[in-house]
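# Coordinates in review
Chain by chain, the residues run as shown.
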Amino acid sequence: MGGQSVPDLFDGTATTIAVVVLLLEFLMLRSALLRAQVRLYAVQSLVVSVLAAVVAGGRGVPELYALAAVSFALKAVIVPWLILRLMRDASTEIAGSGVLGVASEIMVALVVAAFGFFTVNVLDIHSDVLPASALSLAFAVVLVAFVLIIMRRDVVSQAVGFFSLENGVSLVSLVVAAGMPLILEVAFLFDLLVAVVVFGVLMRVHHGRTRSLSTAGLTRLRG
Amino acid sequence: MSGVPFLDVLLLVLALLPVAAALASVVLPHRAAATLSLVAGLVCLAAVLRLVPAVGGGVVAVGFLRVDALSVVFLLPTAFLYAVAAAFTIGYLGDEAAQAARGSAAERREFGRYSRLFFVGFNAFAWSMFCAPMADGLALLWIAVEVTTVISALLVALDNTEGATEAAWKYVLIASCGLGIGLLATIVMYYAGAQSLGQSYDLALQPLIGHAAALPATPVRLAFVLAVVGFGTKVGLVPMHTWLPDAHAEAPTPVSALLSGSLLAVSLYAILRYYQVAHVTLGDAFPQRVLLVFGIASLLLAALSLLQQNDLKRLLAYSSVEHMGILAIGVSFGTPLALAGVLLHVLAHAAAKGNAFLGAGVLVRSFQTKSLTRIRGAIDRLPWSGPLFLASVLALCALPPFGLFRSEFEIVAGGVDSTRDVPTAILVVLVTLAFLGLLGAVARLVLTPASTAPAASTARGREPSVWMVTPVLVGVLALLLLGVHPPADLDALLRAAAGQLGGVVAS
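Residues numbered from 1 in each chain as written. Chains lettered and ligands numbered in written order. Predicted model: local features only at pLDDT ≥ 70, side-chain atom pairs only at ≥ 80, totals over all residues. Heavy atoms only, no water.

### Here we look at the overall build of chain B
For chain B, the count of helices and strands is 19 helices and two strands. For 507 residues, the compact-globule formula gives about 23 Å, and the C-alpha radius of gyration of chain B, at 22 Å, lands near that figure. Seen through its C-alpha atoms, chain B measures out along the principal axes to roughly 70 × 50 × 40 Å. Looking at chain B as a whole, 65% of its 507 residues are labelled buried. In chain B, the proportion of contacts linking residues at least 24 apart, taken out of those at least 6 apart, comes to 81%. A total of about 16100 Å² of accessible surface is found on chain B, and carbon and sulfur atoms cover 67% of it. Side-chain charges of chain B comprise 27 positive and 25 negative groups, with the mean position of each set lying 6 Å from the other. (Helix = DSSP H or I, 4+ residues; strand = E, 2+ residues; numbered from the N terminus. Rg over C-alpha atoms; globule rule 2.2 N^0.38 Å. Buried < 20%, exposed > 50% of the residue type's maximum accessible area, 1.4 Å probe, protein only. Contact = heavy atoms within 4.5 Å. Areas by Shrake-Rupley, 256 points an atom, 1.4 Å probe, with all protein chains shown as cover. Lys, Arg positive; Asp, Glu negative; His and termini not counted. Charge placed at Lys NZ, Arg CZ, Asp CG, Glu CD.)

If you want it as structure tokens, here you go:
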């Protein structure tokens, strides 16, 4: 698992940024206020965009500068702004509700993240662009995002969980698919934007019907 | 092959006409939008039927669009159901349109809004499902499948009842998470392909499948499993199926038909493209085992759920899970006969399930309930729709002379050929169990006299509009055709597509 050579400045920077993304995912999990959660998502998107720019500079892939710019504009500015605006209209509740207490949720997430980290290490997938530890961290981000979606019982947290899952996938793509044509990357991002709009519409429909953001009452359909 | 401009035009028609119809529906009044949707549906159906003999074992490609035999097989359900459901919609919304026209200005406005949203969404949904099998490349395929999700989630929410809101939220969240995993699969496959195609390429199908033998095994294995779990969420494979009964039961009836017959098939198509790569790189054993496990789990859960279901549309939804399980098992058998059976099954299931949902829509409309215990004597009240619905369900149970009998027979025969005796036996037993559940419930609805119903309503029913009967009749005739004597062109297409799944690269 450990490389023979001492990691250079670039590898160190990249791994640190990936760790920051994972830590932000944990912060989202523990934050009780929905607004704080959306802001944390914005920060996380910003960090992922910074990593794209770092890779662009450090590895000489100029296309990634454009990706970093688009990703910053969409995920760190437009999407959080859309969600926050939606929440301003629906100002009934601002605190989310977990199935478990915060401490238990974090414990579960730690176990899941460790599982993801070590499992991906075993697969021995390595890229020329970023150190393999960044890939393991990215998979851990994806898994913790799933914990967030599963544990929270309000539409905002679940939606933010999905968007941050996409951040984790972006991180994976920076590690193993940095050469992917820009047009595809941008198409993925615009697809995300469409998904955000639809999530927003459905959140609004849900709020209009139940006068709340909680999903605890969505138990009618079963069997 | 690609030198024929006429075929290129057909692809462009499929890629542009439905989206044009969706845009026009924004401004058109109800009646015009309904007619336009039907015309668009029929033109698209004609275009796809024209592609059937033309494609053969070759490829038609324009820009980002690329169609080979496997794609055409998966274009057929969408084209057929788009036309049929559009015709059904004329009757389905016709009553409400008449009612609204008699009502107040507010009611008229409300219906106008509903109708506009419906037709915009309906045409856009069909468009996205045409785009997915035509997309040249796994990345574009993922994008198209994601678009099908978001559009159909809005359509599920359209009725704006408590159930529809809940179903739409569950659907969009679960399916999006699934597609998040599907995106991971796409990226990991990109990484695998980059090892032999160079760092920058666009995941186009032909080079990727052509180089599949040279790809590294571990990433392909990872990508395949992620794809089965991710896209399998939208196929409705157990245990990722939980959104499916809700969304199918709560969506407006024409949308349910498209969801079940076409959307599930399109997602399966995505898995099959990964399968095409994976089974060249990894050999047969691993991909087939993965599909077998998910297939048997789906079939088992669906068969048991069918036995104790109390909601007509949920009953049909679980039958979809059952058939997706059969398809996964059929692919896992891997012999040419089983693969041809799988592809025929996709077509026959689309016709039968679309039909069953449309027929169930008539019953639900007529009896004002979805409860299986309260609908009785449908054959007395609905002299056309009752028997047609029963015929559709008999077809779904794979009784001869319908198409599903032929396809399931081929799948089972393929399983015996490949000496997978235990999975084949499990398949036969579980299909029989599902048959008992489905037919038992539906026969009671249609054949038991109305007087035995707990709250027997004595109101004389009447057949709804002819627009709601003819599409079901057309579907039954299509099923008979597939079962008794599939056209030679279709047979050749299915064999070419099965050959592709077996490892032949179309060029």
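More follows now that the structure is in view.
### As for the pairing of strand β1 (residues 59–62) of chain B
Residues and elements named next belong to chain B. Pairing of β1 with strand β2 (residues 65–68), which is carried by four bridges, proceeds in the antiparallel orientation. What sits directly across from V59, in β2, is D68. Two successive antiparallel strands, β1 and β2, enclose a turn made up of two residues, where G63 displays a positive phi of approximately 55 degrees. (Pairing = 2+ DSSP bridges.)

### Some thoughts on helix α19 (residues 488–502) of chain B
Residues and elements named next belong to chain B. With 15 residues, α19 extends 21 Å from end C-alpha to end C-alpha; this agrees with the ideal 21 Å at 1.5 Å per step. Looking at α19, one finds that the buried residues are L490, L493, L494, A497, A498, Q500 and L501. Viewed along the axis of α19, the buried residues span an arc of 155 degrees, placing them on a single side of the element. With respect to the buried face of α19, the exposed residues turned more than 90 degrees away are A488 and R495. Looking at the buried positions of α19, the neighbouring elements they touch are α2 (30–55), β2, α3 (69–102), α10 (253–282), α13 (336–367) and α18 (466–484). Where α19 terminates, the next one or two residues include G503, which has phi positive at roughly 130 degrees. (Expected span 1.5 Å × (residues − 1). Arc of directions from axis to C-beta.)

### Side note on the interface of chain A and chain B
In this assembly, 42 residues from chain A lie in contact with 44 residues from chain B. Carbon and sulfur atoms make up 76% of the surface buried where chain A meets chain B, a total of about 3900 Å² over both sides. At the boundary of chain A with chain B, the tally comes to zero salt bridges. Seen at the junction of chain A and chain B, the total is nine residue pairs in polar contact (both at pLDDT 80 or more). Looking at the side of chain A that touches chain B, the elements that each hand over two or more residues are α5 (132–151), α6 (155–176) and α7 (182–210) of chain A. The element best represented in the side of chain A that touches chain B is α7 of chain A, accounting for 14 residues. (Buried area = accessible area lost by both parts, 1.4 Å probe. Salt bridge = Lys/Arg side-chain N within 4 Å of Asp/Glu carboxyl O. Polar contact = N/O pair within 3.5 Å; in protein donor to acceptor, adjacent residues only side chain to side chain.)

### Observations regarding α6 of chain A
Because the α-helix completes a turn every 3.6 residues, residues three or four places apart line up on one side. Between its terminal C-alpha atoms α6 of chain A stretches 32 Å, which fits the 32 Å expected from 22 residues at 1.5 Å a residue. For α6 of chain A, a buried count of 22 out of 22 residues is recorded, marking the element as mostly surrounded by other parts of the structure.

### Some details on the packing of aromatic side chains
Scanning the model with the defined rule gives 18 aromatic pairs over all chains in all. Directly above the ring of F286 of chain B sits R221 of chain B, whose terminal nitrogen or CZ lies 5.0 Å from the centroid. (Phe/Tyr/Trp six-rings, centres within 6.5 Å; stacked < 30°, edge-to-face > 60°. Lys NZ or Arg CZ within 6 Å of the ring centre and 35° of its normal.)

### Quick look at the pattern of salt bridges
Under the counting rule described, the total for this entry stands at eleven salt bridges over all chains. E105 of chain A is the salt-bridge partner of R152 of chain A, the closest N and O atoms lying 4.0 Å from each other. Of this pair, R152 of chain A sits in the loop between α5 and α6 while E105 of chain A sits in helix α4 (residues 102–123), and the two are 47 residues apart along the sequence. Residue R152 of chain A shares its accessibility class with E105 of chain A, and that shared class is buried. Across the pair R365 of chain B and D95 of chain B runs a salt bridge, and its minimum N-O distance is 3.6 Å. Of this pair, R365 of chain B sits in helix α13 while D95 of chain B sits in helix α3; the two residues are 270 residues apart in sequence, bridging distant segments of the chain.

### Re the packing of helix α1 (residues 5–27) of chain B against helix α4 (residues 105–134) of chain B
All names here are of chain B. Between α1 and α4, the least distance of the axes is 8 Å, while the angle of their chain directions is 165 degrees. With respect to their mutual orientation, α1 and α4 come out roughly antiparallel. Where α1 crosses over α4, the two elements pack in a sense that is left-handed. Residue-level contacts link L11, L14, A15, P18, V19, A21, A22, S25 and V26 of α1 to R116, F119, V120, N123, A124, W127, F130 and M134 of α4. Taken together, the residues of the contact of α1 with α4 break down into 14 nonpolar, two polar and one charged. (Axes fitted to C-alpha atoms, helices over the stretch in contact; angles between N-to-C directions. Parallel < 35°, antiparallel > 145°, perpendicular 65-115°, else oblique. Left-handed = near helix turned anticlockwise from the far one by under 90°. Nonpolar A, V, L, I, M, F, W, Y, C, P; charged D, E, K, R; others polar.)

### Brief notes about the packing of helix α6 (residues 162–197) of chain B against α10 of chain B
Residues and elements named next belong to chain B. In contact at an axis separation of 12 Å, α6 and α10 are set at 20 degrees when each is read in the N-to-C sense. One element, α6, and the other, α10, form an angle in the roughly parallel class. Helix-helix and strand crossings are classified by hand; for α6 and α10 the assignment is left-handed. Within the contact between the two elements, α6 uses Y171, G182, A185, T186 and M189 and α10 uses L259, L263, Y274 and V277. Looking at the contact of α6 with α10 residue by residue, the classes come out as seven nonpolar, two polar and no charged.

Scope: geometric values only; no functional claims are made or implied.
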